[in-house]
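What follows is the residue order along each chain.
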Amino acid sequence: MFQNNPICKMLGITYPIFQGGMAWIGTAELASAVSNAGGLGIIGAGHMPPDVLRAEIQKCKGWTNKPFGVNIMLMSPFVKEVMQVVLDERVPVVTTGAGNPGEYVPALKEIGSKVIPVVASVALAKRLVRGGADAVIAEGTESGGHIGEITTMALVPQVVDAVDVPVIAAGGIGDSRGMAAAFALGAKAIQMGSRFVVSEECIAHPNYKEMVLKAKDRSTVVTGRSLGHPARVLQNKLSRKYEEMEAAGASKDELEQLGVGSLHRATHEGDVQNGSVMIGEISGMLGDIKPVKTIIEDIVNGLPGAIAAADETTK
Ligand code: TUI
């Protein structure tokens, strides 16, 4: 299986499954587990200062001999410095999110890193591929955290038609059915974040994982639209306070202030009422905490059945 898959061949991985590079919880523990299980583990740099990222990369190198990646969050105040760290450390795969990484692509390609930006539109996908991106991750609005406007179902085939590099589908994918659907839309690989949050290896606080396990299909809301950076989170005390303040005409500064430190409060302190519990719309179908290896094996082993079930419908 996957011997001819262009993403597996390009990156030297066994399964075309990326782990989304999540801020605070996409640590070396999770990334090395995903890479050791045959997928692509990705360290989420988030707002990490450069020395913290370097230590995380070195831990990951110590725990796996397989390829892994770093996700650079382009809204980070340390973006230039963390970019230098991934160059120094010769990280094999660099993904980016929350912006346009165009100016950094040449330097990364120069040292032989594969550059795979997350895009939420056809226009940015085309621009980045012209600028040398090796593949693109088309991420739908079903995802957790910072999101674009278009659904995975509508975005992936439009990006596939617009570029001549492999497309990785992200957003709303959490099992074999989602993977089969992504392949049907023309994607060559998938990226999952939420499914890996509820893994044994993910260091998220137990309260965070428990709230995700209890979530239903309509448990997420999107905050931050008026600030220009919408984020999908589980509805809680903080999201309700945010909505109230927004409706009452609070200033951008006051709204921004609510978000400061809120992700860490949920992921590390376990305060899932006053913190941001970022998660995707599939959280309603996540019912158990499993080892990363089991998550990946279950999805891969279920794939032929999911494809056969789709085929059955055509008879
Ligand atoms: O980046 C993500 N998800 C994230 S980042 C994050 S940390 C954060 N903290 C505070 C505020 C905001 C974020 C939590 N979750 N996903 C990848 C992603 N990228 N989704 C959407 C985009 C995107 C949006 C616009 C990519 C490019 C883009 O382009 C803008 C442009 O310049 O054209």
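Before reading further, recall that the structure is shown in the block above.
We now turn to the structure provided with this report. It should be emphasised that the depicted structure is a prediction, and the values quoted were computed from it without experimental measurement.

**So, the overall build of the protein chain**
The secondary structure content of the protein chain amounts to 14 helices and eleven strands. Burial status across the protein chain gives 52% buried among its 315 residues. Summarising the internal contacts of the protein chain: among those between residues at least 6 apart in sequence, 63% fall at separations of at least 24. About 13,500 Å² of surface is accessible on the protein chain, with carbon and sulfur atoms providing 53% of the total.

**Brief notes about the pattern of salt bridges**
Taken as a whole and assessed by the stated rule, the structure comprises 14 salt bridges. Across the pair Lys 290 and Asp 298 runs a salt bridge, and its minimum N-O distance is 2.8 Å. Lys 290 sits in the buried class, given a relative accessible area of 17%. For Asp 298, a relative accessible area of 36% translates into the label partly exposed. Salt bridges sharing partners connect three or more residues here, namely Arg 54, Lys 61, Asp 88 and Glu 89.

**Overview of the packing of helix H2 (residues 28-36) against helix H3 (residues 50-63)**
The interhelical angle for the contact between H2 and H3, taken along N-to-C directions, is 35°, at an axis separation of 9 Å. Relative to H3, the crossing made by H2 is right-handed. Where H2 approaches H3, its residues Ala 28, Glu 29, Ala 31, Ser 32 and Asn 36 are matched on the opposing element by Glu 56, Lys 59, Cys 60 and Trp 63. Residues that form the contact of H2 with H3 fall into these classes: four nonpolar, two polar and three charged.

**Quick notes on the site of the ligand**
Around the ligand sit 15 residues, and of these Ala 98, Gly 99, Val 118, Glu 139 and His 146 come closest. Here a nitrogen atom of the ligand sits 3.0 Å away from a polar atom, N or O, in the side chain of Glu 139. His 146 places a main-chain nitrogen or oxygen 2.9 Å from a nitrogen atom of the ligand. Coverage of the ligand by the protein amounts to 73% of the 720 Å² it exposes when considered alone. Taken together, the residues of the shell around the ligand break down into six nonpolar, eight polar and one charged.

**A look at the packing of aromatic side chains**
In this structure the tally under the stated criterion is one aromatic pair. An angle of 80° between the planes, with centres 6.2 Å apart, marks the rings of Phe 2 and Tyr 15 as edge-to-face. Of this pair, Phe 2 sits in the segment before helix H1 (6-11) while Tyr 15 sits in the loop between H1 and strand S1 (17-19), and the two are 13 residues apart along the sequence. Classification of Phe 2 by relative accessible area gives buried; the value is 14%. Given a relative accessible area of 22%, Tyr 15 falls into the partly exposed group.

**Observations regarding the environment of Leu 286**
For Leu 286, the position within the fold is in the loop between helix H13 (262-267) and helix H14 (292-312). Aside from chain neighbours lying at most four places away, what touches Leu 286 is Ser 194, Arg 195, Val 198, Val 212 and Leu 213.

**Here's the deal with the sheet that holds strand S7 (residues 145-146)**
Ordered in space as S7-S11-S10, the three strands form an open sheet in which the pairing is antiparallel. Every other strand in the sheet has two partners, leaving S7 and strand S10 (220-223) as the edge strands with one partner each.

**Structural notes on the nonpolar core**
If you look at the biggest cluster of nonpolar residues, it comprises 69 residues, and the most contacted ones within it are Ile 17, Phe 18, Phe 196 and Tyr 208. With seven residues, the top contributor of residues to this core is H14. Tyr 208 has contacts with Val 197, Leu 263, Ala 266, Thr 267, Val 272, Ser 276, Val 277 and Met 278, leaving out every residue within four places of it along the chain. The next biggest cluster of nonpolar side chains, apart from the first, holds 24 residues, and it includes Ala 31, Ile 43, Met 48 and Ile 72.

**Section: the side chain of Ser 276**
Summarising the element assignment, Ser 276 is placed in the loop between H13 and H14. In terms of polar contacts, Ser 276 uses its side chain to reach the side chain of Ser 262, at 2.8 Å.

**Some thoughts on the state of the cysteines**
The final tally for this structure, using the stated rule, is zero disulfides. Its sulfur unpaired, Cys 60 is 14 Å from the next cysteine sulfur, which belongs to Cys 202. Taking the relative accessible area as the measure of exposure, Cys 202 reaches 3% and is therefore buried.

**Comments concerning the sheet that holds strand S2 (residues 41-44)**
One open sheet holds the eight strands; their spatial order is S1-S9-S8-S6-S5-S4-S3-S2, and the pairing between them is parallel. What marks the edges here is a single partner per strand, and that holds for S1 and S2. The average undirected angle you get between the axes of adjacent strands in this sheet is 25°. Two strands pair when backbone bridges link them, and S2 and strand S3 (residues 68-73) are joined in this way by four bridges, in the parallel orientation. Across the sheet, the residue bridging to Ile 42 is Gly 69, located in S3.

The rules we used
- One numbering rule holds for all chains: residues counted from 1, following each sequence as written.
- Where totals are concerned, whole chains, interfaces and linings use all residues; where local detail is concerned, this predicted model gives features only for residues with pLDDT of at least 70, and gives and counts side-chain atom pairs only at 80 or more.
- The side-chain numbers reported here are obtained from all heavy atoms of the structure, hydrogens and water having been left aside.
- For helices the rule is a DSSP run of H or I covering at least 4 residues; for strands it is a run of E covering at least 2, with both sets numbered from the N terminus onward.
- Partly exposed residues are those whose accessible area sits between 20% and 50% of the maximum for their type, while under 20% is buried and over 50% is exposed, using a 1.4 Å probe and protein chains only.
- In this description, contact between two residues means that some pair of their heavy atoms is separated by no more than 4.5 Å.
- Only the protein chains shown count as cover for residues, and the accessible areas themselves come from Shrake-Rupley with a 1.4 Å probe.
- For salt bridges, the criterion is a side-chain nitrogen of Lys or Arg within 4 Å of an Asp or Glu carboxyl oxygen.
- Here, axes are lines fitted to C-alpha atoms. For helices the fit covers the stretch in contact, and angles between N-to-C directions go from 0 to 180 degrees.
- Handedness of each helix crossing follows the sense of rotation of the near helix against the far helix: counterclockwise by less than a right angle gives left-handed, clockwise gives right-handed.
- Ten residue types, Ala, Val, Leu, Ile, Met, Phe, Trp, Tyr, Cys and Pro, are classed as nonpolar, four, Asp, Glu, Lys and Arg, as charged, and the remainder, Gly among them, as polar.
- Working definition: residue near molecule or strand if any one of its non-hydrogen atoms lies within 4 Å of it.
- Polar contacts, as counted here, are pairs of nitrogen or oxygen atoms within 3.5 Å of one another; within protein the pair requires one atom able to donate a hydrogen and one able to accept it, and residues that are adjacent in sequence qualify only if both atoms are side-chain atoms.
- For Phe, Tyr and Trp, where Trp contributes only its six-membered ring, two rings pair if their centres lie within 6.5 Å, and the inter-plane angle classes them as stacked under 30 degrees, edge-to-face over 60, or tilted in between.
- Here, any two strands with at least 2 DSSP bridges between them count as paired.
- We call a set of buried residues a nonpolar core when its members are Ala, Val, Leu, Ile, Met, Phe, Trp, Tyr or Cys and they connect through side-chain atoms within 4.5 Å of each other.
- Only a pair of cysteine sulfur atoms within 2.5 Å qualifies as a disulfide here.

Everything listed here is a matter of coordinates, which is why it stays silent on function.
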